[in-house]
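# Descriptive structure summary
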Amino acid sequence: MNIYQSQLKDVKDDLITLKINDIGSFQSELRRGYIAFDLTPHTPDKLSDVQRRKSYAMIHDIADYEGYPDDIKKITLKEQFKGVTGYPDFSLSDCKKDIATAFIAFLVEYCFYYDIPFRFKDLTNTFDTQRQVFLCLVHKRCTVCGADERVEINHEDSVGSGLNRNHIDHRQHRLEALCHNHHFEFHTIGAESFAKKYHFHGIKLKDEDIVSLKLMSWKQIHEFDEEYRRNHK
Ligand SMILES: [Zn+2]
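Residues numbered from 1 in each chain as written. Predicted model: local features only at pLDDT ≥ 70, side-chain atom pairs only at ≥ 80, totals over all residues. Heavy atoms only, no water.

## Brief notes about the nonpolar core
In terms of nonpolar packing, the biggest core is built from 48 residues, with Phe103, Leu107, Val108, Phe118 and Leu137 touching the most fellow members. Among the elements of the structure, α2 (49-66), α3 (70-85), α4 (97-113), α6 (129-139), β4 (175-179), α8 (191-198), α9 (207-212) and α10 (218-232) are those that each provide at least two residues to this core. Looking at which element gives the most residues to this core, the answer is α4, with 10 residues. Mapping this core onto the domain boundaries places at least three of its residues in each of domain 2 (45-126) and domain 3 (128-233). (Core = buried A, V, L, I, M, F, W, Y, C linked by side-chain atoms within 4.5 Å. Buried < 20%, exposed > 50% of the residue type's maximum accessible area, 1.4 Å probe, protein only. Helix = DSSP H or I, 4+ residues; strand = E, 2+ residues; numbered from the N terminus. Domains from an automatic or database assignment.)

## Description of the layout of surface pockets
As a volume, the largest pocket reaches approximately 1100 Å³. Lining of the largest pocket is provided by 29 residues; of these, Tyr4, Ser6, Asp38, Leu39 and Thr40 occupy positions nearest its centre. Mapped by element, the contributors of at least two residues to the lining of the largest pocket are β1 (6-12), β2 (15-20) and α1 (23-31). Among the residues making up the lining of the largest pocket, the classes are represented as 15 nonpolar, 8 polar and 6 charged. Residue assignment places the lining of the largest pocket across two domains, with domain 1 (1-41) and domain 2 (45-126) each supplying three or more. (1 Å grid on protein atoms, 1.4 Å probe; cavity = no way out; pocket = protein on both sides within 12 Å on 5 of 7 lines; lining within 4 Å. Points joined across faces, edges and corners; volume = space filled by probe spheres on them. Nonpolar A, V, L, I, M, F, W, Y, C, P; charged D, E, K, R; others polar.)

## Considerations on the environment of Thr17
Checked against the element boundaries, Thr17 lands in strand β2. Apart from the residues within four sequence positions on either side, Thr17 is in contact with Gln7, Leu8, Lys9 and Asp10. (Contact = heavy atoms within 4.5 Å.)

## Focus on the coordination of the zinc ion
Each protein donor to the zinc ion is listed here as Cys142 (SG), Cys145 (SG), Cys179 (SG) and His182 (ND1); together their distances run 2.0 to 2.3 Å. Around the zinc ion, the 4 donor atoms sit at angles spanning 99 to 118 degrees, and that spread fits a shape best called tetrahedral. The sequence pattern formed by the donor residues of the zinc ion is C-x2-C-x33-C-x2-H. One end of the pair, Cys145, is in the loop between α6 and β3 (151-155); the other, Cys179, is in strand β4, and 34 residues separate them in sequence. Cys145 sits in the partly exposed class, given a relative accessible area of 34%. (Donors = N, O, S within 2.8 Å, 3.2 Å for Na, K, Ca; no water. Tetrahedral: all angles 85-135°; square planar, octahedral: opposite > 155°, others 65-115°.)

## Focus on the domain arrangement of the protein
Here the domain parsing of the protein yields domain 1 (1-41), domain 2 (45-126) and domain 3 (128-233). For domain 1 and domain 3, the distance between their C-alpha centres works out to 45 Å.

## Re the pattern of salt bridges
Counted by the stated rule, this structure contains 18 salt bridges. With a closest N to O distance of 2.5 Å, Glu66 and Lys73 form a salt bridge. Glu66 sits in the partly exposed class, given a relative accessible area of 27%. Residues Glu156 and Arg174 are paired through a salt bridge, measuring 3.7 Å at the closest nitrogen-oxygen approach. (Salt bridge = Lys/Arg side-chain N within 4 Å of Asp/Glu carboxyl O.)

## Some details on the packing of aromatic side chains
Evaluation of the coordinates by the stated rule reveals 18 aromatic pairs. A ring pair is formed by Tyr113 and Tyr114, whose centres lie 4.9 Å apart and whose planes are at 85 degrees; its orientation type is edge-to-face. The exposure class assigned to Tyr113 is exposed, which follows from its relative accessible area of 64%. On the basis of relative accessible area, Tyr114 is assigned to the partly exposed category, the value being 44%. (Phe/Tyr/Trp six-rings, centres within 6.5 Å; stacked < 30°, edge-to-face > 60°.)

## Some remarks on α3
For α3, which comprises 16 residues, the first-to-last C-alpha distance of 22 Å matches the rise-based estimate of 22 Å (1.5 Å per residue) to within 8%. Every buried residue belonging to α3 is among Lys73, Leu77, Lys78, Phe81, Lys82 and Thr85, and all of these are buried. Summarising the axial view, the buried residues of α3 lie within an arc of 165 degrees, below the 170-degree limit, and thus occupy one face. The exposed residues of α3 that point more than 90 degrees off its buried face are Ile75 and Gly83. Contacts from the buried residues of α3 go to α2 and α4. Immediately downstream of α3, the backbone of Gly86 shows phi near 85 degrees, a positive value. (Expected span 1.5 Å × (residues − 1). Arc of directions from axis to C-beta.)

Here is the structure:
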């Protein structure tokens, strides 16, 4: 699947004229019988300096880990990205903002998937924060610093000390993965200051994620569901 870039030229009632960037391959789509296309709006803005720096930093961290020179790894990562997403060729010197956003997302997912350490600096400015919190929970990395040692799962909404800690429905709590130091900081400065300082909140997980993280078993989940049903009668 290819993604084409186009510029609006004219609008008459519900008929629009678009100038397309790659008419050659677009015509070959038409010849193959495709006549319906999706349109997605996007801003014509160029990528930001932060996005450019973050892209190069991520490429460097991946190349370093896999043992390739940065420029070689950059080419293969861009090829993979284009293959997966269908975006046309682009340059990190002047591509559109949305391509940079998608490319950084690809690099971040790549690092989580292959367990590659990378610097978390600027991640909250360049990547979907909710997704970051989720990936850190699933791959057991600290959401603040990316550390993968002594990672603990924190309940953002405090679990009262009076409650039986073994009888907690983790699905009802916003969760986040934190290293020992950041977990300590969370409890030292409090949930509100922590969220203000690091710009993220914990997220609620789906049943299957809760089970695969071994926070609860299916048996416990079913027991809670049974309990809710009884209480609602
Ligand atoms: Zn940390």
